[in-house]
Amino acid sequence: MYAFTYHRPASAADAAALALKHTDGKILAGGQSLVQAMKLRLASPSDIIDLGTAKDLVGISQKGNQITIGAMTRHAAVEQSAEVKQLIPALADLAGGIGDRQVRHMGTLGGALANNDPAACYPAAVLGLGATIQTNKRTIAADDFFKGLYETALESSEIITAVTFPAAKRAAYIKFKNPASRFALVGVFVAQMDQGVRLAVTGAASCVFRVPEMEKALGAAFTPESIAKIHVSADDLNSDLHAAADYRAHLITVMAKRAVSKALGQ
Amino acid sequence: MTINVSMQVNGKAASVNVEERTLLVTVLREELRLTGTHVGCDTAQCGACTVHMNGKAVKSCSMLAMQAEGAQILTIEGVAHADGSLHPMQAAFKEHHGLQCGFCTPGMVMNAIDLVQGRPNITEEEIRHGLEGNLCRCTGYHNIVKSIAAGAKAMASAK
């Protein structure tokens, strides 16, 4: 790991001020991706701004049909939250399947979204539920947040403070795991909302994406059969040593059907 | 540049001056000479470096020492009783042959103690899921799972 200067801001506002000053710095959330990237010298920030002590970024609160989760809330806290389990069980289920339990004790929602790993689980829930990302500057809709490979709508000194998830009538997440890393080879989050069905795919392409054709078919009939013949083109999907693009394309339909079955409690 | 990091390690105050980029596992092993915590893969896969931070199992090779500032850290050296007798989970690993070469054992025991907290009747399936972040290259999982199930019961009855 290359040397850096360490900062410990007391609040999100202090962290943002530091980020504005140290433009080659990086925000540290749980560190489960960033610390490893730094060890491999894939990342060499001049400064590390550790949000670990920014107490205003932790916590889960429910307001009516919505749950707001602070950016520094650990995956394990979301997995075990009574409110999340009651209002959006699919979200608690997804959080409980990220990495392994040691990783879930450190990893955070905000860190996972800001990193936007193409195979991460959380982006699928955020896009699938149509959540809203709050930053120290503005509110960003999930549909406008994920821009590409490790790329988001966040500006350089912008910090995620919380994410608000609306409850779904039914929702479920299923991933086909890479057995070594437990990242999603393909993961599908499906949600039946008041405004219609949303379906988000992670792991398959450079960035999480929705499948409008499946959403439309599920809007007409929320059954696994209704999407059985809908196939996503392999053209823009990832090929790597774990899976070829056409295999990932095949898995999308399989995982989407399983997600719908799971949402139906089957 | 060096920076001070202070924490409670196995119930004792520890304060060291280290480079800012120092990992928690490096402080434990090289500064405090607590070499029971192992570095296996160094890429957050194997879990040999598992310690408890404020009671929760974490991978000490995947965090900066600075992230543990002010925290309560428990390592494998801190789990046995003051008279030297083994912690019930350590005793269960010994009894059920839960180790072969022993390299992964400190991480397995630390994760297991946290995993079974308040769950004396944890199922085999729950234990296997709970061990997703710990690898045993001897592939001795069967006896590790048996040890943890026995350790869970022993921990509950020891209270």
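Computed from a prediction, not measured in an experiment: that's the story for all the values here.

The partner chain B presents 29 residues to the 27 residues of chain A that form the contact. Carbon and sulfur atoms supply 53% of the area that chain A and chain B bury against each other, a total of about 2,300 Å² over both sides. If you sort the residues of chain A by the area they bury against chain B, A:R101, A:Q102 and A:M106 come out on top, with a joint share of 26%. For B:D114, the salt bridge is made with A:R101, and the minimal N-O distance between the two is 3.2 Å. Where chain A meets chain B, there are 15 residue pairs in polar contact (both at pLDDT 80 or more). Among the secondary structure elements, those contributing two or more residues to the side of chain A that touches chain B are β1 (5-7), α2 (34-39), β3 (47-50) and α6 (101-106) of chain A. Sort the elements by how many residues they give to the side of chain A that touches chain B and α6(A) lands first, with four residues. Residue composition of the side of chain A that touches chain B, grouped by class: 11 nonpolar, nine polar and seven charged.

Right, let's get into the pairing of strand β4 (residues 60-63) of chain A. Residues and elements named next belong to chain A. Pairing between β4 and strand β5 (residues 66-70): four bridges, direction antiparallel. Looking at the pairing, S61 lines up with T68 of β5. The hairpin turn running from β4 into β5, its antiparallel successor, is two residues long, and G64 in that turn takes a positive phi close to 60 degrees.

Residue and element names in this part refer to chain B. The sheet built from five strands is open, its strands ordered β2-β1-β5-β3-β4 with mixed pairing. Here the strands that pair on one side only, and so sit at the sheet edges, are β2 (12-19) and β4 (56-59). Here the average twist between neighbouring strands, direction ignored, is 40 degrees. In this structure, strand β3 (residues 50-53) lies alongside β4, joined through four bridges in antiparallel fashion. Note on β4: the bridge partner recorded for H52 is A57.

Within the fold, B:A71 resides in the loop between β4 and β5 (72-74). Excluding anything up to four places from it in sequence, B:A71 contacts B:M7, B:Q8, B:M53 and B:N54.

With that settled, consider the pairing of strand β12 (residues 184-193) of chain A. Residues in a regular strand project their side chains so that they alternate between the two faces of the sheet. Residue and element names in this part refer to chain A. Here β12 lies mainly inside the structure; 10 of its 10 residues are buried. Across eight bridges, the pairing between strand β11 (residues 170-177) and β12 is antiparallel. Counterpart to I174 in the pairing with β12 is V188. The antiparallel pairing of β11 with β12 creates a hairpin that spans six residues between the two strands, and R182 there sits at a positive phi of about 65 degrees. Connecting the antiparallel pair β12 and strand β13 (residues 196-202) is a turn made up of two residues.

Helical periodicity: at 3.6 residues per turn, an α-helix aligns residues three or four positions apart in one direction. Residue and element names in this part refer to chain A. Regarding helix α10 (residues 212-220), the residues found buried are M214, E215, A217 and L218. The buried residues of α10 occupy an angular sector of 165 degrees when the element is viewed end-on, so they sit on one face. With respect to the buried face of α10, the exposed residues turned more than 90 degrees away are P212, E213, K216, G219 and A220. If you follow the buried residues of α10, they end up packed against β12, β13, β14 (209-210) and α11 (245-263).

All names here are of chain B. Taken as a whole and assessed by the stated rule, the structure comprises one cavity of 30 Å³ or more. The space that makes up the largest cavity amounts to roughly 40 Å³. Together, G98, L99, Q100, C101, G102, F103, C104, C136, C138, G140 and I144 line the largest cavity.

Rules used throughout
Each chain carries its own residue numbering, running from 1 in the direction its sequence is written. Chains carry letters from A onward and ligands carry numbers from 1 onward, assigned in written order. Predicted model: local features are reported for residues with pLDDT of at least 70 only, side-chain atom pairs are reported and counted for 80 or more only, and whole-chain, interface and lining totals are derived from all residues. Note that water and hydrogens are dropped before the side-chain values are worked out from all heavy atoms of the structure. Note on contacts: a residue pair is in contact if any heavy atoms of the two residues lie within 4.5 Å. The term buried area refers to how much accessible surface (probe radius 1.4 Å) is lost by two components on association, counted for both of them together. A pairing counts as a salt bridge when a side-chain nitrogen of Lys or Arg comes within 4 Å of a carboxyl oxygen of Asp or Glu. Any N or O atom pair separated by 3.5 Å or less is treated as a polar contact, with the protein-specific requirement of one donor-capable and one acceptor-capable atom, and with residues adjacent in sequence counted only for side-chain atom pairs. Under the DSSP-based scheme used, a helix requires at least four consecutive residues in state H or I and a strand at least two consecutive residues in state E, with every element numbered from the N terminus. Think of it as three bins: nonpolar holds Ala, Val, Leu, Ile, Met, Phe, Trp, Tyr, Cys and Pro, charged holds Asp, Glu, Lys and Arg, and polar takes everything else, Gly as well. Strands qualify as paired when DSSP identifies two bridges or more between them. The axes used here are C-alpha line fits, helices contributing only the stretch in contact, and every angle between their N-to-C directions lies in the interval 0 to 180 degrees. Throughout this description, buried means an accessible area under 20% of the type-specific maximum (1.4 Å probe, protein chains only), exposed means over 50%, and partly exposed covers the range between. Throughout, the arc means that of the directions going from the helix axis to the C-beta atoms. Cavities and pockets were defined on a 1 Å grid built over protein atoms only: a cavity is a set of grid points that admits a 1.4 Å probe from which the probe cannot escape, a pocket is an open set flanked by protein on both sides within 12 Å along at least five of seven lines, and lining residues are those with an atom within 4 Å of any such point. Grid points are joined across faces, edges and corners, and a volume is the space filled by probe spheres set on the points.

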